[in-house]
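Here are the chains, one letter per residue:
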Amino acid sequence: MSELARAAELLDGAGALLICAGAGMGVDSGLPDFRGGEGFWRAYPPYARLGLRFEELADPRHFADDPELAWGFYGHRLALYRETVPHEGFRLLLDIGEKLPGGTRVFTSNVDGQFQAAGFAHVAEAHGSIHHLQCLSGCTSEIRPAAGLDVAIDEETMRAVPPLPSCPRCGGLARPNILMFGDYDWVPDRSQAQLDELTAWRRTAHDLVVVELGAGQAVPTVRRYSELASAATGGLIRINPREPQIRHNRGVSIAAGALETLQALVSGKQS
């Protein structure tokens, strides 16, 4: 039996669906692949000229040291994610989950809000959301939506043009409510509430199948969670074109992209 057939068989016997998604899930929607410096620089040529990598830009110290640089990067990403239309694979997963008695939940390290845009109601965003803000100085732990926020960007330098987003309480600089690299000031309250709801759901879910998409090993948050959630049953379907391996063969491994695999799975289930 092929891996695709094994995956379809797992989904046929599922009572509930947990989707675990990493950055690779957005590639089929046209979002840039930040894997390695070259991929990031192809998407953001000004940073190639500066020699700045994604990991260096996703450092919270820039908001204090060079806020125009920091908000240039995150303001551009905010606009990009708002304009991005989720690919068909999101709808296919939504359709699969809606037919299951236990329903669907999402665990993701992505901060782009694509699952919500695609219609998913229960999304646990482990690293926060670019669509929410917090105070940089920590005058309050309040997390507020970034709805209506428009950050002007100089496309030549990729620097933000003042005025920059501010905290309505103290008037100081605001930052995205995202867990960045080496970030000790991220306010996790919103994400923790989502994770608590997901944990409670998992305790009651029967015949749980986990579909993991586009989650690599460099930042293993999603892979660890999907393995934990499926440990008791081995009901894990890992879809990853570059790193599909599953330890101890406890699940199904498919070395392909998210959209093409989901389309093949649904097509196989209908034939």
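Predicted, not measured: the structure shown is a model, and the values here were computed from it. (Residues numbered from 1 in each chain as written. Predicted model: local features only at pLDDT ≥ 70, side-chain atom pairs only at ≥ 80, totals over all residues. Heavy atoms only, no water.)

(A) Structural detail: the overall build of the protein chain. A count of helices and strands for the protein chain gives 11 helices and 11 strands. Scaling as 2.2 N^0.38, a compact globule of 271 residues should have a C-alpha radius of gyration of about 18 Å, and the protein chain matches this with 19 Å. Expressed along its principal axes, the backbone C-alpha trace of the protein chain runs to roughly 55 × 40 × 30 Å. Among the 271 residues that make up the protein chain, the fraction classed as buried is 52%. For the protein chain, the exposed surface amounts to about 12,800 Å²; the carbon and sulfur share of it is 51%. (Helix = DSSP H or I, 4+ residues; strand = E, 2+ residues; numbered from the N terminus. Rg over C-alpha atoms; globule rule 2.2 N^0.38 Å. Buried < 20%, exposed > 50% of the residue type's maximum accessible area, 1.4 Å probe, protein only. Areas by Shrake-Rupley, 256 points an atom, 1.4 Å probe, with all protein chains shown as cover.)

(B) Representation of the side chain of threonine 104 within the structure. Tracing the backbone shows threonine 104 in strand β2 (residues 104–108). For threonine 104, a relative accessible area of 15% gives the class buried. Dropping the residues within four chain positions of it, threonine 104 is found in contact with Leu17, Ile19, Gly97, Glu98, Phe120, His122 and Trp201. (Contact = heavy atoms within 4.5 Å.)

(C) Examining the pairing of β2 more closely. Taking burial as the measure, the five residues of β2 include five buried ones, the bulk of the element. Where burial is concerned, the two faces of β2 agree: the one with Thr104, Val106 and Thr108 and the one with Arg105 and Phe107 are both buried. Relative to β2, strand β1 (residues 16–21) runs parallel, the two being bridged by five bridges. Across the sheet, residue isoleucine 19 finds its bridge partner in β2, namely valine 106. The sheet contact formed by β2 and strand β3 (residues 123–125) spans three bridges and is parallel. Paired with phenylalanine 107 across the strands is alanine 124, a residue of β3. (Pairing = 2+ DSSP bridges.)

(D) Looking closely at helix α1 (residues 3–12). For α1, the full list of buried residues reads Ala7, Ala8 and Leu11. All buried residues of α1 project into a common sector of 100° when viewed along the axis, lining one side. Facing away from the buried side of α1 by over 90 degrees, the exposed positions are Glu9 and Asp12. (Arc of directions from axis to C-beta.)

(E) A look at the environment of glutamate 142. You can see glutamate 142 is positioned in the loop between β4 (128–135) and β5 (144–145). Taking the C-alpha atoms as reference points, glutamate 142 and leucine 93, separated by 49 residues in sequence, lie 33 Å from one another. Glutamate 142 has contacts with Leu133 and Gln134, leaving out every residue within four places of it along the chain.

(F) Fine view of the pattern of salt bridges. By the definition in use, this model includes 12 salt bridges. For glutamate 125, the salt bridge identified is with arginine 190, shortest N-O distance 2.9 Å. Placement of the pair is glutamate 125 in strand β3 and arginine 190 in helix α9 (residues 189–204), with a sequence separation of 65 residues. Residue class for glutamate 125 comes out buried when judged on its relative accessible area of 2%. (Salt bridge = Lys/Arg side-chain N within 4 Å of Asp/Glu carboxyl O.)

(G) How the structure looks around the sheet that holds β4. If you trace the three strands from one edge of the open sheet to the other, you get β5-β4-β8, paired in antiparallel fashion. Single-partner strands in this sheet number two, and they are β5 and β8 (174–178). In terms of strand pairing, β4 meets β5 through two bridges, oriented antiparallel. Bridged to histidine 132 within β5 is proline 145. Along the sheet, helix α6 (residues 67–83) makes contact with β4 and β8, crossing β4 at roughly 135°. (Axes fitted to C-alpha atoms, helices over the stretch in contact; angles between N-to-C directions.)

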